[in-house]
Amino acid sequence: MAKRRANGEGNIRKRKDGRWEGRYTAGYAPETGKRITKNVLGKTQAEVKEKLKRAVEDNKRIDVSKSQDFTIGQWATLWFENYAKPSIRESTAEHYRNFVENHIVPGIGKIKLRKLTTLDIQKFYNKTRESGRIQRYEGMEVSGLSNKTVRSLHAMLRQCLNQAVMDRLIPFNPAANCKLPPKEKKEMQIIPPEKLRDYLRAAEEHGVLPMFYLELTTGLRRGELLALLWTDLNIKEKSLTISKSVARGKGELRVTEPKTRNSIRTVYIDDETIRLLVEDRKNHPFSPYLFPSPVTGGMYGPDCVGRIHKKLLKRAGIEECVRFHDLRRTFATMALQNGVDIKTVSGMLGHYSAEFTLDVYTNVTKEMQKDAAKKIGGFMAEVM
């Protein structure tokens, strides 16, 4: 009986066409026990020898018996259900599901996982930028995905392929060296300071002043604001504990942990905010919620509060396109412009680092630096 060649052992020969070929044993098929042979080609013996050496080293990191049958579509689906979905927020899971089902599977899903190359992925990204938007209704204009969406798609695919590397299905991550579209720096939209009074007056007339006043003085995320309980308010310490968030998923409101670990935090509030919250409590003294819905008695739905915000903009005569999320940006901008240091603002917003806050509010801090330069220049002029 012939002796089995050890995994990774190879040999080199010259072919009839003049090229050199190196063959090596990549493993054995679990069903039949037959040897799985791979080869590399080159113009010279030395070239093939080097290629063969790299192929053998790569093969040692791969479990061939498990990797042969996976396509990238099958692996991405398996990875999403078993690795990603159990450990991410429901809203994030929906984004990932959309990426897998509507982009990866139809785009590169048929390519074998082991044969997926950086060029395959790069072409895939380029195509999605040109015509990747899903046609959700007849007559919808076909267009490409935004740079931000392509970058998010890449972040997910890179995680997916990193897991394949850790599971010894592929030797390296082909998504690692892709060229991504640049980050899109959109002009930040906030409520103009001169119109804040009109906005708050509209909120008071609508009966929601405490909620929107709190938002503009803390910059909470919408889900964090609506998930607040009366017990999260510490009147003596003048603080709020942020430890949960609410979002709508599959038709119902669901309370989860906040977006990131840094989002669990204590936020301190001013005397006027405390006064408004305590006064508002008299309207619903037995509700567990800080801001119960007057319709259901339970939590407000995020979309409902978004609609109220639009009504307030209209009533206040604010024509700028300001989303509810931009109230958070309005708070941060006002805080920075009024001398609150970047680290404190970052902590209040629940960002993972002050560097991230600086990146988001580059325009604001740039103006602050210009103002500082003028002050320093004025001081030095007096000295001279």
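For the structure, see preceding data.
Residues numbered from 1 in each chain as written. Predicted model: local features only at pLDDT ≥ 70, side-chain atom pairs only at ≥ 80, totals over all residues. Heavy atoms only, no water.

Asks: Can you help me understand the environment of Arg265 in this one?
Replies: Mapped onto the secondary structure, Arg265 falls in strand β8 (residues 265-268). Arg265 sits in the buried class, given a relative accessible area of 8%. Arg265 sits 22 residues away from Ser243 along the chain, and the two C-alpha atoms are 6.8 Å apart. Excluding anything up to four places from it in sequence, Arg265 contacts Leu220, Arg221, Glu224, Leu240, Thr241, Ile242, Arg328, Gly347, Met348, Leu349 and Gly350. At 2.6 Å, the side chain of Arg265 and the backbone oxygen of Ser263 are in polar contact. (Helix = DSSP H or I, 4+ residues; strand = E, 2+ residues; numbered from the N terminus. Buried < 20%, exposed > 50% of the residue type's maximum accessible area, 1.4 Å probe, protein only. Contact = heavy atoms within 4.5 Å. Polar contact = N/O pair within 3.5 Å; in protein donor to acceptor, adjacent residues only side chain to side chain.)

Asks: For this particular structure, what's the right way to read the side chain of Glu21?
Replies: Relative to the elements of secondary structure, Glu21 occurs in strand β2 (residues 20-28). A polar side-chain atom of Glu21 sits 3.3 Å from a polar atom in the side chain of Arg23. Glu21 has contacts with Asn11, Ile12, Arg13, Arg15, Asn39, Val40, Leu41 and Val48, leaving out every residue within four places of it along the chain.

Asks: What's the story with the pairing of strand β7 (residues 252-256) in this structure? I'm lost.
Replies: Every regular strand shows the same layout, with side chains that alternate between the two sheet faces. Pairing of strand β6 (residues 245-249) with β7 involves 5 bridges; the strand directions are antiparallel. The residue bridging Gly249 from the neighbouring strand is Glu252, located in β7. In textbook terms, the turn of a hairpin is the stretch between consecutive antiparallel strands, and for β6 and β7 this stretch comprises 2 residues, one of which, Lys250, has a positive phi near 55 degrees. (Pairing = 2+ DSSP bridges.)

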